[in-house]
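Residues per chain are reported as follows:
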Amino acid sequence: MGGVVLMSCFPRLDTSGGFIGFVQIAKDITKHKHIEEQNKKLSCAIEQSPVTVVITDTEANIEYVNSKFYQLTGYTEHEVIGQNPRILKTGNTSPEEYKEMWKNITSGGEWSGDFCNKKKSGQIYWENAKISSIKNSKGIITNFIAIKEDITERKKAEGTLKDRVHDLGERYKELGGLYALSEIINQVEVSLEDTLQGAAVLISPAWQYPDITCGRIVFEDKEFKTDNFKKTKWMQSADIIVAGNKAGVVEVCYLQEKPEIDEGPFLKEERDLVNGFAHQLSSFIERKLIGETLKTSEENFRAISTAANDSIIMINDDNYILFCNVASERLFGFEKEELIGKKIYETIIPDNFRADHIKGFKSFKNTEQGSFIGKTVELTAIHKDGTEFPIELSLSAVKIKKKWNAIGIIRDITERKKMLQKLKNSEKRNRVWLDSSPVCTKIVDLDFNLKYMSAAGIKALKIDDVTQLYEKPYPFDFFPESFRISMTKNLEKVKETGEIITGEDPVCDIEGNELWFQATLVPVNDSEGRIDYIVVVSIDITERKKAEEKEKLGIEKLKKTTDGVVKALALTVEQRDPYTAGHQQRVSELGCAIAEEMGLSENQVAGIRTAGILHDIGKIHIPGEILSRPSKLTKDEFNIVRTHAQAGYDILEGIEFPWPIADIVHQHHEHVDGSGYPLGLSNNDILIEARILCVADVVEAMSSHRPYRPALGIDKALEEVCKSKGICYDSDVVDACLKVIKEKGFVFE
């Protein structure tokens, strides 16, 4: 058996120091070498170990760390040896844990646990440590050794797993909330309000912190909420959308802030959850409202179809009757059970029309179109007793479950047919009457095409063949352009407004001879109140127009004569009072200007013109020496002059003017405060024409020369009427007088 020997060789010397030989000693160190080899292997194992090894003295000062320690922590040997392991502390391990650990190892025991430590860079890492004491041969503790494994990744995995378990629990709660919500909204018998309140109650349990969660649902100004609802700054919400529009909102609030370690105020999943609540409620409300609308529509349809006087029948694409209302039973004599499920052509369509119906319906089934679809037509139907009768059918198509169905509204038009026949007979009689009438009657459609003209019109216009004008535009091309424009405008107005319009216009016959017609345009409505056509009733007024023209010429001649007489009367007065020559004419001119400024009618202005010329006609009874006296009149003489207003009235009262000339002359010295003469009238008891002449008379008199004084001028005259405005003189008249003189430049000729 081999071994290891330690050889020692040294020289042997005599007493004089001379070499005499060698001494050689051999020692068996096999066991020692073996131990040394084992220690070397152990040292290599510790240095190359994948775990950290730390050896401290009994005061916890580091004496040794292996390479893994430097690699893991980033510290160097110089920075570690002699230091306490607390250089790795993060503060996340409690003092109690350290005390427990120290107690165990100092008593010779072993401690194991997890540390949250910190590298030199500040990065946090986790270690699982096993710490025990090292004793010498006498059993005395000389050192402590810690063997630590980096478990950072495991801790992360455990955290992730924990988070996933927590998240899974939260998602389960959220799904539970959404499921509970779906259970509530699928309960058909529950009202919308109760459903929304139930949904509000489900909010808190579905969120991460139910104890501090509250919720509210607002819909159409109504709110449904949890008992603890309070709006806070920690809130999330989602809109309830119905038919594309915002109809309400779901609100979730935390009553206090969440712990700082959590994200938020809300998790992303909670934001998705509130959106999910809102989406489900949106869909539910929309379905609910649609359902209620459909239910109401169905009820309305049944009520309408039951109350309808017309028959309503629905048939499917195989010609079978699916629905009929009560009116159908009355109309055709069948009970509902006798019609439902039967082919329509076997029940209410006469034999001679069945082939056409089957052919047309086959086309409808194949092409979804038909000659009657969307139209109203007149057909023949058959009663249960075999009697055929006329009907009006309005047919439409509707798609139900991807198949086309036809709905027909059927009306018995027997009475209408009888009435139409009566109308035709009546029309014949009316044509005979119209053709024998001296009145020209024309009928035009709404495109203004001629449909009929009576014999009187044909004769008056000298038309040989009136049929050539039928369906041609009216008015005719041979009429004057001015008449065509006027008549077309009136036809359009009647068509648009339904008014009856009457007018007189010159026309001409087909040979160009002038005629005058008085035409009345009358709209004629159909049974539904819509204008169907227009009747133009024309009366030949040519002879009347000729007579009116002659009369007009006579009136103009008479007017000229009357004007001459008026001027002659005025001249008679002025010849007796030469100092006031032209006074009446000038008063008339100013009075007309004031009247026009005040907006009086042309007829009133004409009356003022005549009354102004004649307003002093009564002075014909005043002695000439009084009228022309160059000095101031006595009181008695002035009273004589004042009688001219009454005298003028007496002269003119018996003359028939188109205006109240006698009354105007009678009142032209009356004052609005009642201080005038001869009647003492006031305000609106005085004719407006007299109030105007009163002001014009004063202004003209003061601005003109008189026998007893020179002219005072227009400014003095205006000053006088302004001073007595509203007292003697009408305020509106004075204002108008000032405007025509000062602003519009009126001057006496």
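**Q** Whenever I open this one, the overall build of the chain confuses me. Can you help?
**A** Secondary structure assignment for the chain yields 24 helices and 21 strands. With 749 residues in all, the chain has 37% of them scored as buried. Across the chain, the fraction of contacts at a sequence separation of at least 24, relative to all contacts at a separation of at least 6, is 48%. Accessible surface, the chain as shown: approximately 44300 Å² in total, 53% of it carbon and sulfur.

**Q** I would appreciate a short explanation of the pairing of strand β12 (residues 311-315) in the present structure.
**A** Remember that side chains alternate between the two faces of the sheet whenever the strand is regular. Judged by how many residues are buried, β12 sits mostly within the fold: five of five residues are covered. Where β12 lies against strand β13 (residues 321-324), three bridges are found, and the strand directions are antiparallel. Among the inter-strand pairings, Ile315 is bridged to a residue of β13, identified as Ile321. Counting the residues in the hairpin turn of β12 and β13 gives five residues, including Asn319, whose phi is positive at 80°.

**Q** In this structure, what is going on with the sheet that holds strand β17 (residues 440-444)? I would like to understand it.
**A** The strands that make up a sheet are held in pairs by hydrogen bonds between backbone atoms, and each pair lies either parallel or antiparallel. The five strands are arranged β18-β17-β21-β20-β19 in an open sheet whose pairing can be described as antiparallel. Pairing within the sheet leaves two strands with one partner each, and these edge strands are β18 (450-453) and β19 (501-508). When strand polarity is set aside, the average angle formed by the axes of neighbouring strands in this sheet is 25°.

**Q** Help me out: how do you make sense of the side chain of Asp730 in this one?
**A** Examined against the element boundaries, Asp730 turns out to sit in the loop between α23 (714-723) and α24 (731-743). A polar side-chain atom of Asp730 sits 2.9 Å from the main-chain amide nitrogen of Asp732. Discounting chain neighbours no more than four positions away, the residues touching Asp730 are Val672 and Arg691.

**Q** Can you walk me through the packing of helix α16 (residues 583-597) against α24 in this structure?
**A** Two measures define how a pair of helices packs: the angle their axes make with one another and the distance between the axes. Viewed as axis vectors pointing N to C, α16 and α24 meet at an angle of 105°, and their least axial separation amounts to 9 Å. The angle between α16 and α24 falls in the class roughly perpendicular. Contacts between α16 and α24 involve Leu590, Ala593, Ile594 and Glu597 from the first element and Val733, Ala736, Cys737, Lys739, Val740 and Ile741 from the second. Split by residue class, the contact of α16 with α24 holds eight nonpolar, no polar and two charged.

**Q** Quick question: what am I supposed to make of the pattern of salt bridges here?
**A** Where charged atoms of side chains with opposite charge meet at close range, the side chains can pair. In total, this model carries 27 salt bridges according to the counting rule given. For the salt bridge of Lys462 with Glu511, the shortest nitrogen-to-oxygen distance reads 3.3 Å. With Lys462 in the loop between α13 (455-460) and α14 (481-497) and Glu511 in the loop between β19 and β20 (514-525), this residue pair connects regions lying 49 residues apart in the sequence. On the accessibility criterion, Lys462 (38% relative accessible area) is partly exposed. Shared partners join several salt bridges into a network, and the residues in it are Arg216, Glu223, Lys225, Lys231 and Glu251.

**Q** Which parts of the structure should I look at to understand unusual backbone geometry?
**A** Leaving glycine aside, a negative phi is the common case for residues, and trans is the common case for peptide bonds. Residue Pro678 is bonded to the preceding Tyr677 through a cis peptide linkage, with omega at 5°. Within the secondary structure, Pro678 sits in the loop between α21 (661-667) and α22 (688-703). Although it is not a glycine, Asn683 adopts a positive phi angle of roughly 45°. Checked against the element boundaries, Asn683 lands in the loop between α21 and α22. The class for Asn683 is partly exposed, based on a relative accessible area of 46%.

**Q** Just checking my understanding: could you explain helix α6 (residues 192-201) for this structure?
**A** Three- or four-residue spacings in an α-helix give side chains the same orientation, since the helix completes a turn every 3.6 residues. Of all the positions in α6, only Leu192, Thr195, Leu196, Ala199 and Ala200 are classed as buried. Taken down its axis, α6 places every buried residue within 140° of arc, on the same side.

**Q** Is there a simple way to explain a nonpolar patch on the surface in this structure?
**A** On the surface, Leu13, Phe19 and Phe22 cluster together into a nonpolar patch covering about 370 Å² of accessible area. Assignment of secondary structure puts Phe19 in strand β2 (residues 19-28). Using a relative accessible area of 48% as the deciding quantity, one classes Phe19 as partly exposed.

**Q** Help me understand the packing of aromatic side chains, please; the structure alone is not making it clear to me.
**A** In this description, an aromatic ring pair is defined by two values, namely the gap between the centres and the angle between the planes. For the structure on display, the rule yields ten aromatic pairs. Geometrically, the ring pair formed by Phe746 and Phe748 is edge-to-face, given 5.4 Å between the ring centres and 85° between the ring planes. Three or more aromatic residues link up through ring pairs in this structure, and these residues are Tyr98, Trp111 and Phe115. When the ring centre of Phe448 is taken as origin, the NZ or CZ atom of Lys495, which lies over that ring, is 5.8 Å away.

**Q** Quick question: what am I supposed to make of the environment of Tyr70 here?
**A** With respect to the helices and strands, the residue Tyr70 is situated in helix α2 (residues 67-73). Overall, the relative accessible area of 22% leaves Tyr70 in the partly exposed class. Note: C-alpha distance between Tyr70 and Thr52 (18 residues apart in sequence) is 8.7 Å. Apart from residues no more than four positions distant in its own chain, Tyr70 is found in contact with Val65, Tyr75, Thr76, Glu77, Val80 and Ile81.

**Q** Just to check I follow, could you spell out the environment of Lys342 for this structure?
**A** One can find Lys342 in the loop between α10 (336-339) and α11 (351-367). Looking at Lys342, the relative accessible area reads 35%, which means it is partly exposed. Along the primary structure Lys342 and Tyr320 are separated by 22 residues, whereas in three dimensions their C-alpha atoms are 5.3 Å apart. Lys342 has contacts with Asn319, Tyr320, Ile321, Glu337 and Thr347, leaving out every residue within four places of it along the chain.

**Q** Can you help me understand the environment of Ala199 in this one?
**A** For Ala199, the position within the fold is in helix α6. It is 9.1 Å that separates the C-alpha atoms of Ala199 and Arg216, two residues lying 17 residues apart in sequence.

**Q** Looking at this model, I keep getting lost on the sheet that holds strand β4 (residues 62-65). Mind explaining?
**A** Read across the sheet, five strands follow the order β4-β3-β7-β6-β5 without closing on themselves; strand pairing throughout is antiparallel. Whereas interior strands pair on both sides, the edge strands pair on one side only; in this sheet they are β4 and β5 (110-118). With direction set aside, neighbouring strand axes in the sheet form an average angle of 25°. Bridge count between β5 and strand β6 (residues 124-135): nine bridges; the pairing is antiparallel. Considered in β6, the bridge of Ser112 is made with Lys130. Contacting β5, β6 and β7 (141-150), helix α4 (residues 95-106) crosses the sheet at an angle of about 140° to β5.

**Q** Please clarify how the side chain of Glu670 should be interpreted in this entry.
**A** One can find Glu670 in the loop between α21 and α22. No salt bridge is formed by the buried Glu670; its nearest oppositely charged neighbour, Arg642, is found at 8.2 Å. There is a polar contact of 2.6 Å between the side chain of Glu670 and the backbone nitrogen of Leu679. Here the side chain of Glu670 touches Leu681 through a polar contact of 2.9 Å, landing on its backbone nitrogen. Sequence-distant contacts of Glu670, that is, excluding residues within four places in its chain, are made with Gly676, Tyr677, Pro678, Leu679, Gly680, Leu681, Ile686, Cys694 and Cys728.

**Q** Can you help me understand the confidence of the model for the chain in this one?
**A** Do not read the predicted coordinates in detail wherever pLDDT is low. Per-residue confidence for the chain gives a mean pLDDT of 80; residues scoring 70 or more make up 83%. When mean pLDDT is compared element by element in the chain, α24 scores highest at 93, while helix α5 (residues 152-185) scores lowest at 60.

**Q** Looking at this structure, how should I read the packing of α16 against α22?
**A** Here α16 crosses α22 at 130°, and the two axes come no closer than 8 Å. Taken together, the axes of α16 and α22 lie oblique to each other. Along this stretch, α16 crosses α22, giving a crossing that reads as right-handed. Residues His583, Arg586, Val587, Leu590, Gly591, Ile594 and Ala595 of α16 form the contact with α22, whose own contacting residues are Ile692, Leu693, Ala696, Asp697, Val699, Glu700 and Ala701. By residue class, the composition of the contact of α16 with α22 is nine nonpolar, two polar and three charged.

What counts as what
Residue numbers restart at each chain and count upward from 1, following the sequence in its written direction. Confidence filtering applies because this is a predicted model: local features only for residues at pLDDT of at least 70, side-chain atom pairs given and counted only at 80 or more, and all residues used for totals across whole chains, interfaces and linings. Side-chain descriptors were evaluated using all non-hydrogen atoms of the structure, hydrogens and water having been removed beforehand. A run of H or I in DSSP becomes a helix once it reaches four residues, and a run of E becomes a strand once it reaches two; helices and strands are each numbered from the N terminus. Note on exposure labels: buried denotes an accessible area under 20% of the residue type's maximum, exposed denotes more than 50%, and partly exposed covers the range between, all computed with a 1.4 Å probe on protein chains only. It only takes one pair of heavy atoms within 4.5 Å for two residues to be counted as in contact. All accessible areas in this document rest on Shrake-Rupley with a 1.4 Å probe, and a residue is counted as covered only by the protein chains that are shown. Here, any two strands with at least 2 DSSP bridges between them count as paired. A fitted line through C-alpha atoms represents every axis, and for helices the fit uses only the stretch in contact; the resulting angles, taken between N-to-C directions, go from 0 to 180 degrees. In protein, a polar contact requires one atom able to donate a hydrogen and another able to accept it; more generally it is a pair of N or O atoms within 3.5 Å, and residues adjacent in sequence count only if both atoms are side-chain atoms. Each angle gets one of four labels, with under 35 degrees taken as roughly parallel, over 145 as roughly antiparallel, 65 to 115 as roughly perpendicular, and the rest as oblique. Ten residues, namely Ala, Val, Leu, Ile, Met, Phe, Trp, Tyr, Cys and Pro, are considered nonpolar, four, namely Asp, Glu, Lys and Arg, are considered charged, and the remaining ones, Gly among them, are considered polar. The rule for a salt bridge is simple: a side-chain nitrogen of Lys or Arg has to be within 4 Å of a carboxyl oxygen of Asp or Glu. Throughout, the arc means the angular range of directions from the helix axis out to the C-beta atoms. Patch construction takes residues with relative accessible area above 30% that form no salt bridge. Like charges are linked within 9 Å, and nonpolar side chains (Val, Leu, Ile, Met, Phe, Trp, Tyr) are linked within 5 Å. Only centres within 6.5 Å qualify two rings of Phe, Tyr or Trp (six-membered ring in Trp) as a pair; their planes then separate them into stacked at under 30 degrees, edge-to-face at over 60, and tilted for everything else. Both a distance and an angle decide whether a charge sits over a ring: NZ of Lys or CZ of Arg must be within 6 Å of the ring centre and within 35 degrees of the ring normal. Under this rule, positive means Lys or Arg and negative means Asp or Glu; His and the chain ends count for nothing. For every residue, the predictor assigns a confidence score, pLDDT, that lies between 0 and 100. Note on convention: the crossing is left-handed when the near helix lies turned anticlockwise from the far helix by less than a right angle, right-handed when the turn is clockwise.

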